[in-house]
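# Tertiary structure, described
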Amino acid sequence: MIFYVMLGALRGIVVATNKAVFTDHFPEPWTEPAFANMCLQAALAECVAFSFEQDVSRNVAGVAVVGLAVCILPGYAASRKIQEAAKRAEEDGSVSNGEESDEDEEESDAEGEGKA
């Protein structure tokens, strides 16, 4: 009985942490697709594990799990870089949107004078 209690408690911690990371990493327009992708990844992983359970030894399965787990850190680092670049581009775009700089106004005035 204690096994099931511990399994439930640990599974709850892992799932809650995973969902919190997905929610923090994917803001509102991308939250639903991110959760759909998370469910798809979990289902595919379970399908592959179930399919190869009888054909693959435990050592090979362990190496595969560790190999896939090692891929998480570079993928996360790349994702953070992309997210930071998008945030910087959004901040730069929000400053120039709505208000023209002095140079833009001078250029548009010069173009308007040249056409007249």
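What this report covers is the structure whose coordinates are included nearby.

This paragraph deals with the overall build of the chain. Regarding its fold elements, the chain presents 5 helices and 0 strands. In the chain, which comprises 116 residues, the proportion classed as buried is 4%. Summing over all exposed atoms, the chain offers an accessible surface of approximately 10300 Å²; the carbon and sulfur share of this is 64%.

A word on the packing of helix H1 (residues 2-25) against helix H2 (residues 28-52). Where H1 meets H2, the closest approach of the two axes is 9 Å, and the angle between their N-to-C directions is 140°. The orientation of H1 with respect to H2, classified from their angle, is oblique. Handedness of the crossing formed by H1 with H2: right-handed. Counting all contacts with H1, which are made through Asn 18, Lys 19, Phe 22 and Thr 23, the residues of H2 involved are Ala 34, Phe 35 and Met 38.

Once that is clear, we can look at the packing of aromatic side chains. Enumeration according to the criterion identifies 3 aromatic pairs in this entry. An angle of 35° between the planes, with centres 5.7 Å apart, marks the rings of Phe 22 and Phe 26 as tilted. When its relative accessible area of 16% is taken as the criterion, Phe 22 is described as buried. Taking 6.3 Å as the distance between ring centres and 35° as the angle between the ring planes, the aromatic pair formed by Phe 22 and Phe 35 counts as tilted. Linking Phe 22 in helix H1 with Phe 35 in helix H2, this pair joins segments that are 13 residues apart in sequence. Under the relative-accessibility criterion, Phe 35 is labelled partly exposed at 22%. An aromatic cluster is defined as three or more aromatic residues linked by ring pairs; in this entry it consists of Phe 22, Phe 26 and Phe 35.

This paragraph deals with the environment of Lys 19. Among the secondary structure elements, Lys 19 is positioned in helix H1. Judged by relative accessible area, Lys 19 falls into the partly exposed class, the value being 40%. Beyond its immediate stretch of four places on either side in the chain, Lys 19 contacts Phe 35 and Met 38.

What counts as what
Residues numbered from 1 in each chain as written. Predicted model: local features only at pLDDT ≥ 70, side-chain atom pairs only at ≥ 80, totals over all residues. Heavy atoms only, no water. Helix = DSSP H or I, 4+ residues; strand = E, 2+ residues; numbered from the N terminus. Buried < 20%, exposed > 50% of the residue type's maximum accessible area, 1.4 Å probe, protein only. Areas by Shrake-Rupley, 256 points an atom, 1.4 Å probe, with all protein chains shown as cover. Axes fitted to C-alpha atoms, helices over the stretch in contact; angles between N-to-C directions. Parallel < 35°, antiparallel > 145°, perpendicular 65-115°, else oblique. Left-handed = near helix turned anticlockwise from the far one by under 90°. Contact = heavy atoms within 4.5 Å. Phe/Tyr/Trp six-rings, centres within 6.5 Å; stacked < 30°, edge-to-face > 60°.

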